[in-house]
Amino acid sequence: MSLLVSSRFDREADLVLFEGDCLRLLPDIPDGSVRLVVTSPPYNLGKSYESKLELDEYIVQQRAVIEQCVRVLHPQGSICWQVGNYVDNGEIVPLDIVLYPIFASLGLHLRNRIVWHFGHGLHASRRFSGRYEVILWFTKSDDYVFNLDAVRVPQKYPSKKYFKGSKRGQLSCNPLGKNPSDVWEIPNVKANHVEKTIHPCQFPIELIERLVLAMTNEGDWVLDPFLGVGTTAIAALAHSRRAIGAEIMPEYVRLARERVRQAEEGKLRVRPMERPVYDPAAPHQNLPPQTLSIGAAPRAVQPTLLDASTPYTPPEVGE
Ligand SMILES: C[S@@+](CC[C@H](N)C(=O)[O-])C[C@H]1O[C@@H](n2cnc3c(N)ncnc32)[C@H](O)[C@@H]1O
């Protein structure tokens with residue numbers, strides 16, 4: 001079954017791909033309809049797609065988008081805001097520190113500050129070279145989707161057993177794998193990455209796949225207000241979720257559409273989630289690139305829409 005793609009918000013679509021300012025798309029999305037918002041906003045660094053603003057003005061613009069994202073977020077939903085540093089005259093301003101108060105003032109709960117560590121980037125000469133960015137993961141309530149088993153990673157010693165006590169001889173670690181922790185080592189998309197396009201800072205698909213699998217269920221909507229070349233949409237569609245994205249640069253929208261088409265045809269080459277970071281001492285561990293295949297979300301699973309007539313009260317849950 002082929003994907004239903006719409007250029008405006010449409011409840012029936014598998015993919016909403018809006019060309020323009022996200023603030024013109026967001027008001028059309030119903031309250032409480034999106035299970036996961038995941039994005040990397042412009043960092044205000046004067047990249048080709050942005051004009052550098054004073055920091056105060058940047059924060060005001062971000063607040064307007066974040067307020068809309070919180071409005072459309074499902075009560076059991078999550079927001080993942082992926083940011084690095086704003087750099088001014090050689091001085092760094094970590095954007096997560098600057099943006100956190102906006103989310104807190106809107107009543108969101110911070111669950112993790114995930115450190116995304118990668119090996120490549122600019123070589124600094126007057127400070128240490130930056131090799132991580134962060135993902136602030138917020139939820140709207142204490143009752144939220146978190147599918148840990150879907151994202152477990154291999155245990156270091158999978159066959160380790162208890163050697164004494166009542167559990168002697170039993171496996172001492174979860175056979176499904178371990179919690180991936182809040183430090184993620186995933187290569188960033190630089191020149192020789194199999195997913196590289198002309199975009200200067202696209203997400204690796206595997207980074208978003210982990211968030212989609214952990215924080216949503218099949219059929220749910222995933223929103224990226226700053227979609228770039230469509231990575232969030234591809235990661236969502238690859239796992240039978242639906243995607244909504246806005247992108248202001250027509251060339252990136254065209255590339256997003258092209259990448260989705262390639263994935264529909266089973267031809268989009270990606271770095272597999274299971275591939276370890278390259279270790280020159282163990283090159284045999286390397287997994288080759290894979291091709292990704294996507295199709296329409298199962299029609300039996302309808303996106304969860306909040307019934308506006310029923311006020312939502314989050315259940316009381318413990319730590
Ligand atoms: C950091 S990049 C995101 C890249 C994306 N994660 C990907 O994998 O391709 C931010 C993107 O936001 C876009 N953008 C900037 N302002 C925007 C706005 N007001 N509405 C929609 N998109 C915008 C930029 O053109 C840029 O592609």
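Residues numbered from 1 in each chain as written. Predicted model: local features only at pLDDT ≥ 70, side-chain atom pairs only at ≥ 80, totals over all residues.

(A) How the structure looks around the overall build of the chain. For the chain, the count of helices and strands is six helices and 13 strands. Burial statistics for the chain: of 319 residues in total, 32% are counted as buried. A separation threshold of at least 6 residues defines the contact pool for the chain, and within that pool the share at least 24 residues apart is 67%. (Helix = DSSP H or I, 4+ residues; strand = E, 2+ residues; numbered from the N terminus. Buried ≥ 20, exposed ≤ 12 C-beta atoms within 10 Å, placed from the backbone. Contact = placed C-beta atoms within 7 Å.)

(B) The environment of Glu-265, seen in detail. Examined against the element boundaries, Glu-265 turns out to sit in the loop between helix H6 (250-264) and strand S12 (268-270). Taking the number of C-beta atoms within 10 Å as the measure of exposure, Glu-265 has 11 and is therefore exposed. Counting along the chain gives 263 residues from Glu-265 to Ser-2, while the straight-line C-alpha distance between them is 9.7 Å.

(C) Representation of unusual backbone geometry within the structure. A positive phi angle, near 70°, is found at Ser-181, a position not held by glycine. Even without being a glycine, Ser-240 presents a positive backbone phi close to 60°. Summarising the element assignment, Ser-240 is placed in the loop between helix H5 (231-237) and strand S11 (242-247). C-beta crowding within 10 Å serves as the criterion here: with 19 such atoms nearby, Ser-240 is assigned to the partly exposed category.

(D) Representation of helix H4 (residues 205-215). Summarising burial for H4: eight of the eleven residues are buried, a large majority. For H4, the complete set of buried residues consists of Ile-205, Leu-207, Ile-208, Glu-209, Leu-211, Val-212, Ala-214 and Met-215. Elements in contact with the buried residues of H4: strand S3 (34-39), strand S4 (73-83), strand S7 (109-117), strand S10 (221-224), H5 and S12.

(E) Examining the pairing of S3 more closely. When you tally the buried positions in S3, you get six out of six residues, the bulk of the element. The sheet contact formed by S3 and S4 spans five bridges and is parallel. By the bridge assignment for S4, Val-37 is matched with Ile-79. Relative to S10, S3 runs parallel, the two being bridged by two bridges. By the bridge assignment for S10, Leu-36 is matched with Val-222. (Pairing = 2+ DSSP bridges.)

(F) A look at the packing of helix H2 (residues 55-72) against helix H3 (residues 95-105). Their axes nearest at 10 Å, the elements H2 and H3 cross at an angle of 40°. Comparing their axes, H3 and H2 come out oblique. The element H2 and its partner H3 pack so that their crossing is right-handed. Mapping the contact onto sequence places Ile-59, Gln-62, Arg-63 and Ile-66 in H2 and Val-98, Leu-99, Ile-102 and Phe-103 in H3. Here the contact of H2 with H3 is built from residues that sort into six nonpolar, one polar and one charged. (Axes fitted to C-alpha atoms, helices over the stretch in contact; angles between N-to-C directions. Parallel < 35°, antiparallel > 145°, perpendicular 65-115°, else oblique. Left-handed = near helix turned anticlockwise from the far one by under 90°. Nonpolar A, V, L, I, M, F, W, Y, C, P; charged D, E, K, R; others polar.)

(G) Structural detail: the nonpolar core. One finds Leu-15, Ala-233, Ile-234 and Leu-237 to be the most contacted residues of the largest nonpolar core, which totals 64 residues. Those residues in contact with Ile-234 that sit more than four places away from it in its chain are Ile-205, Arg-259, Val-260, Ala-263, Leu-268, Leu-292 and Ile-294. (Core = buried A, V, L, I, M, F, W, Y, C linked by C-beta atoms within 7 Å.)

(H) A look at H6. Look at H6: 21 Å from first C-alpha to last across 15 residues, which is about the 21 Å you get at 1.5 Å a residue. Residues Tyr-252, Val-253, Ala-256, Arg-259, Val-260 and Ala-263 constitute the buried set of H6. The buried residues of H6 occupy one face: seen down the axis, they fall within an arc of 125°. Those residues of H6 that are buried lie in contact with strand S2 (15-19), H5, S11, S12 and strand S13 (290-292). Looking at the residues trailing H6, positive phi occurs at Gly-266, about 70°. (Expected span 1.5 Å × (residues − 1). Arc of directions from axis to C-beta.)

(I) Inspection of the sheet that holds S4 at higher detail. Strands sit in the order S1-S2-S11-S10-S3-S4-S8-S7-S9 across an open sheet of nine strands; the sheet is mixed. Of all the strands in the sheet, the pair left with one neighbour each is strand S1 (5-6) and strand S9 (183-185). Bridge analysis of S4 against strand S8 (residues 132-139) gives six bridges, and the strand direction is antiparallel. The partner of Cys-80 across the bridge, within S8, is Trp-137. Strands S4, S7 and S8 of the sheet are contacted by H3, whose axis makes an angle of about 10° with S8. Helix-sheet contacts for H6 involve S2 and S11, and the interaxial angle to S2 is about 160°.

(J) Spatial organisation of the confidence of the model for the chain. When pLDDT is averaged along the chain, the result is 88; 86% of the residues meet or exceed 70. Here residues 300-319 is modelled with pLDDT under 50, and outside its nearest four sequence neighbours on either side it reaches 28 contacts, counting other chains as well. (pLDDT = per-residue confidence, 0-100.)

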